[in-house]
Amino acid sequence: MLDHQLQIFITVAEKKTFSRAAETLNISQPAISQNIHALEDYYGAKLFERSSKRVELTQAGATLYGYATEILKLHKAAERAVSDLVDLVTGNLTIGASLTVGEYVLPRLLAAYTRRYPDVKFFVTIGNTEFVHEHARDTSIDIGLVEGIVEDPQLKVTNFLNDELILITSKNHPLADSTFIKPEEMAVKFKDTPFLFREEGSGTRLAVEKALKSLKFKPEHVITLGSTQAIKEAVEANLGITMLSKWTLRKELKLGSIKPIRCCDPITRGFYLLQHKEKFQSRATAEFVKLILSEDLTTILTNI
């Protein structure tokens, strides 16, 4: 209330008449007089010398005018400060991510997110797709990021990024210089070459098994390893061949330490965002979801 009265006081002081102040503030002249009298009672001093045509500030009024203008400036500054604080994205963000997403995509996402919202603290748990699915379902994480679609009526599942599975060999493999192998040739040409798989429950393993089935290729020798990095190291050592996400192979393909071989049309899959339908979504979570569902996400990831 006091700041409203001070605004009326300042307007009267600047307009020199009650009538002009009333027009400027779009209130009645009696309301102007009432508020000025209330201020004079509050401060115990006469603020204006009145004449038939205009009003002038008394010495007390002139003193109050200087303070009143500063008070209103501080009030507006306080409103902006509080508004900025309310709009500031802070708090904690708990993310569960499957191994491929967590090790090769999420770090870039978090780098972009942190540049925008540096005050958010995030906690990341990495496991296979089944692991992340379970934690999203029991709400122990805010969001989950997995490779491969998850079917669960308690979760909202949204595709946020597309991926491609690439067949790779060591640069020392006899077929390393091949750029294309027909699907029907794979069984013969890779007859003595072990195929490297991720562990059961891995979204990548499920996607690769589906891809190989579509290619009608069933490897005779299989080796299972527990991480994408272990598989890449094994391929570089010429232990076997595999299919992996393009997002995991950026450095190795650039360095030429492994060789891609095209065997069919691109084999694609999606990376998916998991959100429990009944879990409260904080502002930190909402802004992260907004980032990963943005149309320019691929550009963001490739430019980091």
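For every chain, the first residue of the written sequence is number 1, and numbering continues from 1 onward in sequence order. pLDDT decides what is reported in this predicted model: residues at 70 or higher carry local features, side-chain atom pairs at 80 or more are listed and counted, and totals for whole chains, interfaces and linings draw on all residues regardless. In computing side-chain properties, one takes all heavy atoms of the structure into account and sets aside hydrogens as well as water.

### A word on the packing of aromatic side chains
- A pair of aromatic rings is counted whenever rings of Phe, Tyr or Trp (Trp by its six-membered ring) have centres within 6.5 Å, and the orientation is called stacked for planes under 30 degrees apart, edge-to-face for over 60 and tilted otherwise. Within the structure shown, the criterion is met by eight aromatic pairs.
- Aromatic pair Phe-9 and Phe-48: ring centres 5.4 Å apart, planes at 55°, arrangement tilted. You can see Phe-9 sitting in helix 1 (residues 2–15) and its partner Phe-48 sitting in strand 1 (residues 48–50), a full 39 residues away along the chain. Pair check on accessibility: Phe-9 and Phe-48 agree, each one buried.
- Between Phe-195 and Phe-217 the ring centres are 6.4 Å apart and the planes differ by 70°, which places this aromatic pair in the edge-to-face class. Here Phe-195, found in strand 7 (residues 195–197), pairs with Phe-217, found in the loop between helix 9 (203–215) and strand 8 (222–224); they are 22 residues apart in sequence, far enough to count as distant. Strands here are runs of E lasting at least two residues and helices are runs of H or I lasting at least four, both read from the DSSP assignment and numbered beginning at the N terminus. Between buried and exposed lies partly exposed: a residue is buried under 20% and exposed over 50% of the maximum accessible area for its type, with that area taken using a 1.4 Å probe on protein chains only.

### Some thoughts on the environment of Asp-265
- You can see Asp-265 is positioned in the loop between strand 10 (258–261) and strand 11 (267–276).
- Between the alpha carbons of Asp-265 and His-173 there is a distance of 22 Å; along the sequence they are 92 residues apart.

### Things to note about the environment of Thr-242
- Considering the arrangement of structural elements, one finds Thr-242 in strand 9 (residues 242–245).
- Here a residue-residue contact requires only that any non-hydrogen atoms of the pair lie within 4.5 Å. Beyond its immediate chain neighbours, meaning those up to four positions away, Thr-242 contacts Ile-166, Leu-167, Ile-168, Phe-195, Leu-196, Ile-231 and Val-235.
- Counting of polar contacts relies on pairs of N or O atoms within 3.5 Å, with two restrictions inside protein: one atom must be capable of donating a hydrogen and the other of accepting it, and residues adjacent in sequence are counted only when both atoms are side-chain atoms. Side-chain polar atoms of Thr-242 contact the backbone oxygen of Leu-196, separated by 2.7 Å.

### Quick word on the nonpolar core
- Ranked by size, the top nonpolar core spans 28 residues in total, and within it Leu-109, Tyr-113, Leu-145, Phe-160 and Phe-288 carry the most contacts.
- For this core, the elements supplying multiple residues, two or more each, are strand 3 (91–98), helix 6 (106–116), strand 5 (143–147), strand 6 (155–170), strand 11, helix 12 (283–292) and helix 13 (297–302).
- In contact with Leu-109, other than residues within four places in its own chain, are Leu-145, Phe-160, Phe-288, Leu-291, Ile-292, Leu-297 and Leu-301.
- To qualify as a nonpolar core, a set must consist of buried Ala, Val, Leu, Ile, Met, Phe, Trp, Tyr and Cys residues joined through side-chain atoms within 4.5 Å. Core analysis: the second largest hydrophobic core is formed by 19 residues, Met-186, Phe-190, Phe-197 and Ala-211 among them.

### Overview of the side chain of Thr-11
- By the secondary structure assignment, Thr-11 is in helix 1.
- Once residues within four sequence positions are removed from consideration, Thr-11 is found in contact with Ala-21, Thr-24 and Leu-25.

### Concerning the packing of helix 1 against helix 2 (residues 18–25)
- Direction vectors running N to C along helix 1 and helix 2 enclose 125°, while the axes themselves pass 8 Å from each other. The angle between helix 1 and helix 2 falls in the class oblique. You can see that helix 1 and helix 2 cross each other, and the crossing is right-handed. On helix 2, the residues touching Ile-8, Thr-11, Val-12 and Lys-15 of helix 1 are Phe-18, Arg-20, Ala-21, Thr-24 and Leu-25.
- Of the residues in the contact of helix 1 with helix 2, the class split is five nonpolar, two polar and two charged. Only the stretch in contact is used when fitting a helix axis, every axis being a line fitted to C-alpha atoms; angles between N-to-C directions are given from 0 to 180 degrees. Here the angle decides the label: under 35 degrees means roughly parallel, over 145 means roughly antiparallel, 65 to 115 means roughly perpendicular, and every other value means oblique. Two helices crossing with the near one rotated counterclockwise from the far one by less than a right angle form a left-handed crossing, whereas a clockwise rotation gives a right-handed crossing. Residue classes follow a fixed rule: Ala, Val, Leu, Ile, Met, Phe, Trp, Tyr, Cys and Pro count as nonpolar, while Asp, Glu, Lys and Arg count as charged, and any other residue, Gly among them, counts as polar.

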